[in-house]
Every structure is written in structure tokens, then in C-alpha cells.
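Architecture at a glance
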Amino acid sequence: MNYFSSNFTLGILGGGQLGKMLLYETRKYDIATKVLDPNAEAPCKIACNTFLQGDLMDYDTVIAFAKDVDVLTIEIEGVNLEALEKLESEGKKVYPSPKTLRNIQSKAVQKQFYKNHQIPTAPFIVFKDKYELQEALVRKELQYPFVWKSATGGYDGKGVSIIRDAEDLIPLPGGECIAEKLIPFKNELAVIVARSVSGEIKTYPVVEMEFHPTANQVEYVICPARIDDAVAEKAREIAMKVSQAMEHVGLLAVEVFQTEDDKIIVNEVAPRPHNSGHYSIEASYTNQFEQHLRAILDLPLGETKSKLAGIMVNLVGAEGHTGLVVYKNIEKILAMQGVTPHIYGKKETRPFRKMGHVTIVNEDITEARKIAEEVKNAIQVISVL
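Quick summary incoming for the structure in this document. A quick note: this is a predicted structure, and the numbers were derived from the prediction, not measured.

1. A few points about the overall build of the chain
- Counting its regular elements, the chain contains 11 helices and 21 strands.
- Computed over C-alpha atoms, the radius of gyration of the chain comes to 21 Å, within 12% of the 21 Å expected from 2.2 N^0.38 for 385 residues, which places it in the range of a compact globule.
- Counting only C-alpha atoms, the chain reaches 65 × 55 × 50 Å along its principal axes.
- Within the span of the chain, comprising 385 residues, buried residues form 55% of the whole.

In C-alpha cells, the structure reads:
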């Protein structure tokens with residue numbers, strides 16, 4: 001099939017910032033695109049060939065959207081899987097497949113998948129609701145502290161809490177959830193795996209993630225991770241094992257913990273381009289969005305090595321600011337060496353909303369981390385007063 005400057009159309013379910021950055025690459029290759037998103041002003045709207053507003057979870061909407069696309073992909077996991085299964089049964093190319101997404105969309109199913117495939121992960125118990133969890137505590141089947149996770153709907157730090165006593169349970173929602181053993185760890189790491197339709201597979205370097213202490217959001221992504229080569233190799237091997245077991249096509253971001261005794265255990269995965277790979281736009285030979293495109297179109301995968309050390313800083317809405325966005329002091333960071341801001345196109349800011357990111361590249365990872373701190377301290381994502 002000829003993808004380039006042709007009648008071929010790529011359909012994308014989800015029109016957020018990940019889709020917008022994927023569209024940079026479709027524009028580079030002159031590949032026609034069609035995007036569906038519930039938000040009439042989604043970031044993708046300005047860059048795709050055809051934009052439709054609609055509910056990603058509505059069966060009929062997804063079926064109708066996909067009828068005239070040649071390949072269908074996602075930029076968010078919250079999509080109607082019954083519709084994708086129907087489309088796939090009719091011969092539509094859907095990547096990642098609904099089978100893969102079924103193993104990921106629910107964290108309870110995802111954790112059980114790791115257990116069934118002997119993939120190292122933290123011990124866990126699945127509960128149908130918060131009240132069943134509370135009964136387990138009364139019966140001493142579960143002890144404090146533990147990590148609570150909502151089975152569905154969690155993102156950007158939401159849907160995850162450390163539970164140290166009964167009071168911590170009070171504000172939690174009542175739906176299906178997981179209680180995970182709280183594992184002491186040295187580092188939170190991530191590995192992006194690319195796997196093509198034909199099964200060609202490559203991994204990117206292991207990255208290290210530093211989190212905001214209260215929002216539970218990634219603040220910095222550091223590539224390469226400042227860890228021993230043996231630990232990095234172990235992380236890549238386990239990420240590859242997850243990929244092979246899930247038979248995913250496209251990108252799979254595998255988030256892992258490095259424990260105190262240097263074991264690697266899987267936390268969770270995302271079957272799409274991911275925040276932990278944004279550094280690759282400036283730092284890698286083939287950025288993660290181009291790689292996703294290559295994988296789902298069954299083109300040769302690109303080089304995953306980095307040209308320079310790269311650090312990503314998330315730009316999130318400042319606390320106490322809701323409304324029309326202003327990027328205060330952006331000119332200061334533009335004057336810094338090796339600094340590139342990416343603005344996602346969201347007009348309204350609110351506390352901790354992801355509004356953009358900044359990449360810092362440098363030959364020296366220590367210098368890059370220093371500049372990243374300066375960037376973080378300089379720029380503010382605030383609202384119009």
C-alpha cells in the first residue's frame with residue numbers, strides 16, 4: 001500500500017496532545033489523517049485533514065468514524081472496544097488491537113495478565129469496590145500501608161493513592177479497585193518498546209522519572225537513566241517480555257520500579273506514545289511518534305539511540321490558576337541553550353493540567369539536568385487575571 005501523497009487515510013481515536021505530536025510526523029510524510037475527539041477544540045484539530053467531534057466510548061460513533069479510514073490507531077486507551085472488535089472482524093486494520101487493549105484498559109485485568117505470564121509485579125488483590133476492600137482490612141487479609149488504584153479511569157496521577165490508615169480511604173471512589181503491596185524502590189523507570197505489524201521489535205534507552213511530591217505527576221524524564229548498565233539491560237528485557245506477551249503493535253510504554261535490591265518489577269503500561277518518550281523528539285534519531293507511525297504501517301523501524309542526553313520537563317497548570325492560559329517567562333527559557341518548548345494548544349489552564357513540555361538536550365546529562373531545573377523555576381503556566 002502507498003501511504004505517501006495518496007488516498008490512504010490514517011484514523012486516530014483521540015485528539016489530545018499525543019495525537020497532535022503524531023500529526024507532526026504524518027505531515028512530514030504527507031499521510032492523510034482523520035481524528036475523532038469529544039472536545040470541539042482538541043489540540044489535533046489544527047493539524048489533521050479531517051476532524052470530527054464525538055464520543056470515543058460510543059459504539060456507533062466509532063464504527064461510523066472508521067468506515068472510510070484504512071488503518072485505525074489510538075492516542076488514548078478510553079475507547080469503545082466492542083466497536084474496535086467489530087471493525088477488526090470486518091477486516092479493518094486496528095493497531096493496537098482490541099485484544100491488546102482489553103489486557104490494559106482495566107488495571108485489574110492488566111495486573112492479572114502479568115501474574116499469568118510470570119512478569120514480575122507487586123503483589124496485589126482485586127476488589128469489586130471500596131467496601132469489599134474495607135472488609136478485607138477488618139478481617140486482616142490486608143494490612144496498612146498499601147497502594148490503592150482505581151481499576152479504570154486513572155491518569156496523570158489520578159486514581160492512585162498510598163493508604164496509610166482508615167482516614168485515607170474516606171475520599172476514595174467506590175468502584176472496582178486494586179490494593180498493591182507498597183514496595184520500597186530506588187527509581188521509577190520506563191522503557192518504550194516499538195513493535196511492528198511484522199513483529200520487528202526495538203527498545204528505546206531506559207529513562208528515569210522524577211515525580212511531583214503531591215500531584216503524583218511526572219516532573220522530569222531523564223534519558224539515559226542514571227543507573228547501572230546491568231539494571232538498564234534487565235529493564236529492557238522485561239519490557240520486551242511484556243511486549244511479546246501482549247503481542248502489541250505500535251508503541252508500548254512500560255513503567256517499572258527498580259527495587260532496593262535492584263530487581264525490576266512492572267508497574268503499568270500504556271499502548272501508545274507516552275509522556276516518558278517526549279524527550280525523543282529532540283534527543284533521538286527516531287522520535288517516538290515517528291516510530292509509532294512506522295510500526296502501525298509496517299515500515300522498517302528507525303534507530304532508537306539518542307543523539308544527545310535529553311531531559312523533559314512537564315509544563316502543568318500552576319496551583320491557584322484556572323482560566324485562559326498565559327506562559328509567563330517563556331522568552332527566558334527560549335534564550336537557554338538546548339531548550340525547546342512544546343505547547344499543546346489547550347486554551348484553558350487549571351492546577352496540574354498538562355499544558356506542554358520542554359525538552360533540554362546536552363552532551364552532558366548533569367548539565368542538562370541543571371538547565372532543566374532552571375527551566376522549571378523560570379516558566380509559569382498561569383491564567384489571565
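That covers the picture; the talk isn't over yet.
2. Some remarks on the sheet that holds strand 17 (residues 323–328)
- A sheet is described by the order of its strands in space; here 3 strands give the open sequence 19-17-21, paired in antiparallel fashion. Each having just a single partner strand, strand 19 (348–349) and strand 21 (380–383) make up the two edges of the open sheet.
- Both strand 17 and strand 21 contribute to a ladder of 4 bridges, which runs antiparallel. Within the sheet, the bridge partner assigned to K328 lies in strand 21 and is Q380.

3. What about the state of the cysteines?
- Taken as a whole and assessed by the stated rule, the structure comprises 0 disulfides.
- In this model C44 remains outside any disulfide bridge; the closest cysteine sulfur is found in C48, 6.2 Å from its own.

4. So, the pattern of salt bridges
- Taken as a whole and assessed by the stated rule, the structure comprises 23 salt bridges.
- Its salt-bridge partner being E85, residue R102 comes within 2.7 Å of it at the nearest N-O pair. Placement of the pair is R102 in helix 4 (residues 98–102) and E85 in helix 3 (residues 81–89), with a sequence separation of 17 residues.
- With a shortest N-O distance of 2.8 Å, D262 and K186 are connected by a salt bridge. In this pair, D262 is assigned in the loop between strand 14 (250–259) and strand 15 (264–270) and K186 in strand 10 (residues 185–195), connecting sequence segments 76 residues apart.

5. A short note on a nonpolar patch on the surface
- On the surface, a nonpolar cluster with roughly 240 Å² of combined accessible area is contributed by L324, V326 and V384.
- With respect to the secondary-structure elements, V384 resides in the segment after strand 21.

6. A look at the packing of aromatic side chains
- Applying the stated criterion across every chain yields a total of 6 aromatic pairs.
- Residues Y3 and F4 carry aromatic rings whose centres are separated by 6.1 Å and whose planes lie at 85° to one another, so their mutual orientation is edge-to-face.
- Assessed through its relative accessible area of 33%, F4 is described here as partly exposed.
- Ring geometry for Y144 versus F146: centroids 5.9 Å apart, planes at 20°, classification stacked.
- Overall, Y144 belongs to the partly exposed group, its relative accessible area being 34%.
- Looking at F146, the relative accessible area reads 1%, which means it is buried.
- Over the aromatic face of F65 sits the side chain of K34, whose NZ or CZ is 4.9 Å from the ring centroid.

7. A few points about a negative patch on the surface
- Side chains of D228, D229, E233 and E237 sit close together on the surface and give a patch of like negative charge.
- Mapped onto the fold, D228 is located in the loop between strand 13 (218–223) and helix 7 (229–246).

Calculation criteria
- Residues numbered from 1 in each chain as written.
- Predicted model: local features only at pLDDT ≥ 70, side-chain atom pairs only at ≥ 80, totals over all residues.
- Heavy atoms only, no water.
- Helix = DSSP H or I, 4+ residues; strand = E, 2+ residues; numbered from the N terminus.
- Rg over C-alpha atoms; globule rule 2.2 N^0.38 Å.
- Buried < 20%, exposed > 50% of the residue type's maximum accessible area, 1.4 Å probe, protein only.
- Pairing = 2+ DSSP bridges.
- Disulfide = S-S within 2.5 Å.
- Salt bridge = Lys/Arg side-chain N within 4 Å of Asp/Glu carboxyl O.
- Patch = residues over 30% accessible without salt bridge, like charges linked within 9 Å, V, L, I, M, F, W, Y side chains within 5 Å.
- Areas by Shrake-Rupley, 256 points an atom, 1.4 Å probe, with all protein chains shown as cover.
- Phe/Tyr/Trp six-rings, centres within 6.5 Å; stacked < 30°, edge-to-face > 60°.
- Lys NZ or Arg CZ within 6 Å of the ring centre and 35° of its normal.
- Lys, Arg positive; Asp, Glu negative; His and termini not counted.
- Charge placed at Lys NZ, Arg CZ, Asp CG, Glu CD.

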